[in-house]
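This is what each chain is made of:
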Amino acid sequence: MQVVKTVSDVREAVAIARDGGERIGCVPTMGALHAGHMSLVEDCRERSDFVVLTIFVNPTQFSPTEDLSKYPRPLEDDLAKCREADVDLVFTPEVPMLYPQGFETYVELQHIPNRLEGAHRPTHFRGVATIVTKLFNIVQPDVACFGQKDYQQQTLIRRMVRDLDMPVEIVVCPTVRERDGLALSSRNVYLSESERRSALSLYASLQLAQERIQSGETDLHAIRTAMHDLMASREYVSPDYVSLADPNTLDELDTPVPHMVALVAARVGKTRLIDNLVIEL
Ligand code: PAF
């Protein structure tokens, strides 16, 4: 496995692989890799011959109130996991390599970033769209894998790739859950045992929506209220939002449609968690 820090080293390694007829796969991450990330690598491995995993804690997707310096950076552990998963190349650039002095070009979407997570983190998705564009330009992958867990992020990336004619296939991989349903997240380690029990209410509220919609209920307003109340009834949980939306635009729906998505966010103690479930009729 090669570990490189510069854009030119990535380009050189990828060019050699491509000249050898290999299909290039990319898994962009911010490191602190867990089983959710490794399932993206596994999926990417099946769809490509040369897997590039990027580890970069992207400063432009953090707001001034979010503590960028506290973001975990267990690089040696991450590299061990990559080796075990047969990653071919890990790209670990420093900030000045990707944001040199004088950097002033950003990628911004008009509509998708303004709601849900974007309403809480106004500049977050501009940072995500910009860094993902840069990583695609550097790696030039044939295929890139993202998790469904960050539903709004993958919606925005799929839209951006279509809008800007980027020649990359986007694969969205299912959320990896603990046995009891809790979605894997690097933030779960911050939950106490009792907070963790209460955190199960996020998935429970999504399942409640699925059951009621699939059993024919059409009053989405009543279902949103029930989802909110279920979460709020658990100790330590304060819901941030509850959404029943179009899966591509994330516009809120008035009535059920054959393919839709339920999304929730809540604070559990001091930890903010998100989850979602695609609902098919
Ligand atoms: O999902 C993440 O880890 C990040 O938002 C991403 C896509 C790697 C961009 O920094």
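Being a predicted model, the structure only gives us computed values, none of them experimental.

Rules used in this analysis
Numbering of residues starts from 1 in every chain and runs along the sequence as written. Only residues with pLDDT of 70 or above have their local features reported here, since the model is predicted, and side-chain atom pairs are shown and tallied only from 80 upward, although totals for entire chains, interfaces and linings are computed over all residues. Each side-chain value is worked out from all heavy atoms of the structure, with water and hydrogens disregarded. Labels follow the DSSP assignment, with helices taken as runs of H or I lasting at least four residues and strands as runs of E lasting at least two, numbered in each case from the N terminus. To estimate how far a helix should reach, multiply one less than its number of residues by 1.5 Å. Exposure classes here rest on a 1.4 Å probe applied to the protein chains alone. A residue is buried below 20% of its type maximum, exposed above 50%, and partly exposed in between. Contacts are assigned to residue pairs that have any heavy atoms within 4.5 Å of one another. Near, as used in this document, describes a residue that has one of its heavy atoms within 4 Å of the molecule or strand being considered. Polar contact is the term for a pair of N or O atoms within 3.5 Å; when the atoms are in protein, one must be able to donate a hydrogen and the other to accept it, and sequence-neighboring residues count only if both atoms are side-chain atoms. A 1.4 Å probe and the Shrake-Rupley method give the accessible areas. Residues count as covered only by the protein chains that appear here. Polarity classes work like this: nonpolar for Ala, Val, Leu, Ile, Met, Phe, Trp, Tyr, Cys and Pro, charged for Asp, Glu, Lys and Arg, and polar for all others, with Gly in that last group. Strand pairing is assigned whenever DSSP detects at least two bridges linking the two strands. Under this scheme, a helix contributes an axis fitted over its contacting stretch, all axes are lines through C-alpha atoms, and angles between N-to-C directions fall in the 0 to 180 degree range. Aromatic rings from Phe, Tyr and Trp, with only the six-membered ring used for Trp, were paired whenever their centres fell within 6.5 Å, and each pair was classed as stacked if the ring planes differed by under 30 degrees, edge-to-face if by over 60, and tilted otherwise. Over a ring means this: the NZ of a Lys or the CZ of an Arg is within 6 Å of the ring centre and within 35 degrees of the ring normal. For the purposes of this section, nonpolar cores are sets of buried Ala, Val, Leu, Ile, Met, Phe, Trp, Tyr and Cys residues that join through side-chain atoms within 4.5 Å.

(A) Summary view of helix H7 (residues 151-163). The first and last C-alpha atoms of H7 sit 18 Å apart over 13 residues, in line with the 18 Å expected at 1.5 Å per residue. Within the sequence span of H7, burial applies to Tyr151, Gln152, Gln153, Gln154, Thr155, Leu156, Ile157, Met160 and Val161. Buried positions along H7 lie against helix H5 (116-120), helix H6 (124-139), strand E5 (143-147), strand E6 (169-173), strand E8 (259-268) and strand E9 (271-280). Phi turns positive, to about 50 degrees, at aspartate 165, one or two residues after H7.

(B) Molecular detail of the site of the ligand. Taken together, Pro28, Thr29, Met30, Asn58, Gln61, Ile131 and Gln153 are the residues near the ligand. Glutamine 61 has a polar side-chain atom sitting 2.6 Å from an oxygen atom of the ligand. In this structure, an oxygen atom belonging to the ligand sits 2.7 Å away from a side-chain N or O atom of glutamine 153. Summarising the interface, the protein chains cover 89% of the accessible area of the ligand, which totals 290 Å² for the free molecule. In terms of residue class, the shell around the ligand is made up of 3 nonpolar, 4 polar and no charged.

(C) Quick look at the sheet that holds E9. On the basis of which strands lie adjacent, the open sheet formed by 3 strands has the order E7-E8-E9 and antiparallel pairing. Two strands lie at the open edges of the sheet, namely strand E7 (237-245) and E9, each paired on one side alone. Going from strand to strand, the sheet's axes swing by 15 degrees on average, the running direction of each strand aside. Here E8 pairs with E9 via 10 bridges, running antiparallel. Of the residues in E9, the one forming a bridge with leucine 263 is asparagine 276. Contacts from helix H8 (residues 193-214) reach E7, E8 and E9 within the one sheet, and its direction differs from that of E9 by about 20 degrees.

(D) A look at the packing of aromatic side chains. Tallying each qualifying case throughout the model produces 5 aromatic pairs. Relative to tyrosine 71, the ring of phenylalanine 62 lies with its centre 5.7 Å away and its plane at 85 degrees, an arrangement referred to as edge-to-face. Ring centres 5.4 Å apart and planes at 85 degrees place the aromatic pair phenylalanine 103 and tyrosine 106 in the edge-to-face group. On the accessibility criterion, tyrosine 106 (32% relative accessible area) is partly exposed. The rings of Phe56, Tyr99, Phe103 and Tyr106 are connected pair by pair, giving a single aromatic cluster. Cation over ring: arginine 126 sits above tyrosine 106, and NZ or CZ is 3.8 Å from the ring centre.

(E) Quick peek at the sheet that holds strand E3 (residues 50-55). The strand order E1-E4-E3-E2-E5-E6 describes an open sheet built from 6 strands, whose pairing is parallel. On the outer flanks of this sheet lie strand E1 (2-4) and E6, each paired with one strand and no other. Along the sheet, successive strands turn relative to each other by an average axial angle of 25 degrees, direction set aside. As judged from the 3 bridges shared by E3 and strand E4 (residues 89-91), these two strands associate in the parallel manner. Paired with leucine 53 across the two strands is valine 90, which belongs to E4.

(F) Focus on the side chain of arginine 224. In this fold, arginine 224 is placed in helix H9 (residues 220-232). Overall, the relative accessible area of 17% leaves arginine 224 in the buried class. The contacts of arginine 224, once residues within four sequence positions are left out, are Val242, Ser243, Leu244, Glu252 and Leu253.

(G) Structural view of the nonpolar core. Counting 45 residues, the largest nonpolar core has Leu98, Phe136 and Ile157 as its most contacted members. At 9 residues, H6 tops the list of elements feeding residues into this core. If you look at the next biggest cluster of nonpolar residues, it comprises 27 residues, including Leu191, Leu202, Met231 and Ile279.

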